[in-house]
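# Remarks on the overall topology
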Amino acid sequence: MRVSSAAAGENTYSACDFGSGHPQICITAGIHGDEVSGIYTAQRLIAYLKTHPLLRGSVRVISIVNQAAYAAQSRRDPADNEDLNRIFPGDPGGSPSFRLARSVYDETEDAAMMVDLHCCGGHGLPYVLSVYSESDNTRSLVSSLSLPVAIHSQGTGGQLFVEAGRRRNQAACIIELPSAFGRGAINLPLAEQCLDVLLDLLRSQGMLPGERQGKSPVLLGKLQDRETPQQGLWLPKAQKGTWVDRGMAAGELNGERICFESEGFLMSLRPAAFLLDDENWLYTFAPKGLR
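Cut-offs used in this document
Residues numbered from 1 in each chain as written. Predicted model: local features only at pLDDT ≥ 70, side-chain atom pairs only at ≥ 80, totals over all residues. Heavy atoms only, no water. Helix = DSSP H or I, 4+ residues; strand = E, 2+ residues; numbered from the N terminus. Rg over C-alpha atoms; globule rule 2.2 N^0.38 Å. Contact = heavy atoms within 4.5 Å. Lys, Arg positive; Asp, Glu negative; His and termini not counted. Charge placed at Lys NZ, Arg CZ, Asp CG, Glu CD. Core = buried A, V, L, I, M, F, W, Y, C linked by side-chain atoms within 4.5 Å. Buried < 20%, exposed > 50% of the residue type's maximum accessible area, 1.4 Å probe, protein only. Pairing = 2+ DSSP bridges. Axes fitted to C-alpha atoms, helices over the stretch in contact; angles between N-to-C directions. Polar contact = N/O pair within 3.5 Å; in protein donor to acceptor, adjacent residues only side chain to side chain. Salt bridge = Lys/Arg side-chain N within 4 Å of Asp/Glu carboxyl O. Phe/Tyr/Trp six-rings, centres within 6.5 Å; stacked < 30°, edge-to-face > 60°. Lys NZ or Arg CZ within 6 Å of the ring centre and 35° of its normal.

## Brief notes about the overall build of the protein
- Within the protein, the regular secondary structure consists of 6 helices and 17 strands.
- Over its C-alpha trace the protein gives a radius of gyration of 20 Å, about what one expects of a compact globule, namely 19 Å for 291 residues.
- Once local pairs closer than 6 in sequence are excluded, the contacts in the protein between residues at least 24 apart make up 67%.
- Taking the 27 positively charged and 32 negatively charged side chains of the protein as two groups, their mean positions are separated by 5 Å.

This is the structure we're talking about:
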């Protein structure tokens, strides 16, 4: 293992490199400092690769990209309050976050494949996020990740995986892990599952011994949220992680059925709750995949 450090102003990160040559795979985590389950997964991958040498190719792991945000347990760097994952490829002459984005963007330019680890809401399921319809390279990468579903991203600019794919034609995606509840809390079961997914990716590329153990994900469309302006008692009736049909009941709000407006896959569902404000999320689902 080779460890190198890079500084972008006062924000310093370390990259751990294993092996040499092609294919080159880069794993990043901690772009958002409070998404610690991905950070833990990346650190577990580093520990694994220390004792399991690669058969070919190279892997670079940056386990905490945004050290300043991590220290504050914040999504953003307190120095400038920028969302790092909205400003790639960055600017070497900009504020601390813009300088960090440029440094990380340059650090990852040689990778053939990039997987960025993030955390989503605690009520959901793990999934792959990518713009798989835009690139055969990215679609191939997504198919090598052994998670149940892959979601098509909205493709918002400034995200590392979006800019890497569109500007440099790299195969790039995000793995979203449902977060644990509490400051600095790690979702251990899903972090370990994510580690298995990354090891399976390396097996699929012949970089680790053994056969790939999982299956390719089902390709789904862009996430759609259902919210309600009503207040009152919400009782869910559906089950996340299942296919739903148009007209099927998602739950009841004040005794009235709330039904799905189209068919899709139910990614997350709000538990039973009293809704006490004007904008209340009920569920998130994804339609069938894009071609």
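## Digging into the nonpolar core
- Counting residues in each nonpolar core, the largest one holds 38 residues, and the members touching the most others are I27, L45, L54, V115, L117, I175 and L202.
- Elements that contribute at least two residues to this core include exactly β2 (11-19), β3 (24-29), α1 (36-51), β4 (58-62), β5 (113-120), α4 (136-143), β8 (171-178) and α6 (188-204).
- The element contributing the most residues to this core is α6, with 7 residues.
- If we ignore the near neighbours within four places in the chain, the residues touching I27 are L45, R60, V61, I62, V115, L117 and L198.
- By size, the runner-up hydrophobic cluster in this structure holds 30 residues, among which are A15, F88, A111 and V162.

## With respect to the sheet that holds strand β14 (residues 256-259)
- Sheet architecture is open: 4 strands sit in the order β14-β13-β11-β16, paired in antiparallel fashion. Edge strands, defined here as strands with exactly one partner in the open sheet, are β14 and β16 (273-275). Taking each pair of neighbouring strands and ignoring which way they run, the sheet shows an average axis angle of 35 degrees.
- Here 3 bridges tie strand β11 (residues 232-236) to β16, and the two strands are oriented antiparallel to one another. Directly across from L233, in β16, lies its bridge partner F274.

## Description of the side chain of T28
- You can see T28 is positioned in strand β3.
- Overall, the relative accessible area of 1% leaves T28 in the buried class.
- Looking at T28, its side chain comes within polar contact range of the side chain of D116, at 2.7 Å.
- Excluding residues that lie within four positions of it along the chain, T28 makes contacts with I62, V65, T108, V115, D116, L117 and L160.

## Examining the pattern of salt bridges
- Overall, the coordinates contain 10 salt bridges when judged by the stated rule.
- The closest approach of N and O atoms between R60 and D17, which form a salt bridge, is 2.6 Å. With R60 in strand β4 and D17 in strand β2, this residue pair connects regions lying 43 residues apart in the sequence.
- Connected through shared salt-bridge partners, D17, R60 and E107 make up one network.

## Examining the pairing of strand β17 (residues 280-286)
- Burial analysis of β17 places 6 of its 7 residues in the buried class, which makes it a mostly covered element.
- Bridge count between strand β15 (residues 264-269) and β17: 4 bridges; the pairing is antiparallel. Looking at the pairing, F265 lines up with A286 of β17.

## Observations regarding the packing of aromatic side chains
- Scanning all chains against the criterion turns up 4 aromatic pairs.
- Among the aromatic residues, those joined into a ring-pair cluster are F260, Y283 and F285.
- Taking the ring centre of Y105 as reference, the NZ or CZ of R168 above it sits at 3.7 Å.

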